[in-house]
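# Descriptive analysis of the structure
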Amino acid sequence: MPLIEDLLDKEVVNNPYPYFHQLRKEDPIYWNERWNGWVFTRYHDISKILIDNRFTAERIRPSKNMPEQMVLDMASTYEILSKWMVFNDPPNHTRIRMLVNKAFTPKAVEEMRPFMHEITDYLLHHVQSKGKMDVISDYAFLLPILVISKMLGLPDEDRDLLKQWSDDLLLLVFGAVKETNRHERAKNGLQQMVYYLEDVIQARHKNPQNDLITALVTAKEKGDVLSMGEVISTCTLLIFGGHETTTNLIANGLYSLLKNPAQLEKLRANPSLIHSAIEELIRYEGPSKAIMRIAKEDVEIADKEIKKGQRVLLMQNIANRDPEVFEYPDKLDITRQSNHHLGFGKGIHYCLGAPLARLESTIAINQVLKHLKNIQLERTDLEWQPNIISRALKQLPVIFD
Ligand code: HEM
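Owing to the predicted nature of the structure, the values given are computational and were not obtained by experimental measurement.

Reading guide: rules and limits
- Residues numbered from 1 in each chain as written.
- Predicted model: local features only at pLDDT ≥ 70, side-chain atom pairs only at ≥ 80, totals over all residues.
- Heavy atoms only, no water.
- Helix = DSSP H or I, 4+ residues; strand = E, 2+ residues; numbered from the N terminus.
- Rg over C-alpha atoms; globule rule 2.2 N^0.38 Å.
- Buried < 20%, exposed > 50% of the residue type's maximum accessible area, 1.4 Å probe, protein only.
- Pairing = 2+ DSSP bridges.
- Contact = heavy atoms within 4.5 Å.

## Description of the overall build of the chain
Within the chain one finds 18 helices and 12 strands. In summary, the chain has a C-alpha radius of gyration of 21 Å against a globular reference of 21 Å for 401 residues, a match within 12%. In terms of principal-axis extent, the alpha carbons of the chain reach across some 60 × 55 × 40 Å. Buried residues in the chain amount to 56% of all 401 residues.

## A short note on the sheet that holds strand E12 (residues 397–399)
Spatial ordering of the open sheet is given by E4-E12-E11, a layout of three strands whose pairing is antiparallel. The open sheet is flanked by strand E4 (132–134) and strand E11 (376–377), the only strands paired with a single partner. As defined by bridge partners, E11 adjoins E12 across two bridges and the pair is classed as antiparallel. Note on E12: the bridge partner recorded for Leu-377 is Val-398.

## Digging into the environment of Ser-166
Here Ser-166 shows up in helix H11 (residues 159–173). For the pair formed by Ser-166 and Gln-192, sequence separation is 26 residues and the distance between their alpha carbons is 10.0 Å. In this structure Ser-166 touches Met-193, Ile-239, Phe-240, His-243 and Glu-244, once residues within four positions along its chain are discounted.

## Regarding the environment of Ala-290
Locating Ala-290 in the fold gives a position in strand E7 (residues 290–295). Residue Ala-290 is classed as buried on the basis of its relative accessible area, which comes to 3%. Separated by 32 residues in the primary sequence, Ala-290 and Leu-258 place their C-alpha atoms 25 Å from one another. Contact partners of Ala-290, with chain neighbours within four places excluded, come to Leu-313, Leu-314, Met-315, Gln-316, Ile-388 and Ile-389.

Here it is in structure tokens:
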């Protein structure tokens, strides 16, 4: 099979696995001229690079061929994104993550449990009599945005604004390279979000509340605190990271179960399998397709020379189907044990929100199975969003009794 250069080719986006299995066999460390970087598909290579400090996470910078005027226009956007912990190496990363950990605690996540039940009850009650819904717009999008807004202390009514700004930002951060005006839209989206947050953060300085923004403003570690700029940046990261990916985990997870009805019935019959089921749903069709890093020095891996400054694209979802590591990798098995998938990354940048994402998707999927009888896909010709980083359906229409 000739290699398709375009990683956003419609066929590859809609069904990536046959193409990437082939690529893993033929050229597991593949130079992609069009993307201008190395594409990694083997579990063990990816796993090693994620803990190799010869590769940097500091990848927020204008591309080489960006026109000068655009570089100037985008400077403020890159400035904010460059404070996201996920785009920092130690010691900056260590410092910010330690301070954010003081605020984003297991207790703060656990306290959201009753609210998650309340929202999912409400949303499902709303659609039940209709006998159909689009899982994404009617259900999976709303839960994570409402939860992260509540944790931060932002009003529910602002969720559509936050979603719009975050969607615009996604075009840049998740590499939707085929979208027109993506830089301008991302810049405007992030700028609006920052203006909005500045007011809230000022208010919390004066009048502390019992919420995550106040906890970030007051977080202290050995006399060190987050600067105003770092609090704003971190809030934009939590809003962005806190809902897009979790929405997709709920939607992709339900989609995978509906395509594998025997597994769905197994879970319905034995709800205690939900924890291994969630890990398997992340492995099988996880919402994060790839992680990017840049080589800080020349690195030799297998027979390939990765040159200093070159980009590497670590295909997590493809690693999660590597037959060297997972038995019957293309089979969904909700009872799978020792499931060391890379869906939340690995090493120092391991997803900070993983416990929150796990809890939200557990509740969201359990509630659907409990409330919606005889749920089925309305159509099977579904389309996926064309971007490099996230695995996201455009719509997921389902019917039920
Ligand atoms: C299923 C849902 C999610 C998936 C698949 C996911 C995936 C990931 C991945 C792969 C990384 C590592 C990126 C890298 O190494 O460059 C990451 C980091 C991160 N995630 Fe998530 N994420 C999810 C949900 C969340 C949620 C709900 C939040 C917050 C509310 C969140 C906040 C973060 C943060 C702050 C980081 C940066 C951690 C660091 O750099 O130390 N994520 N996530």
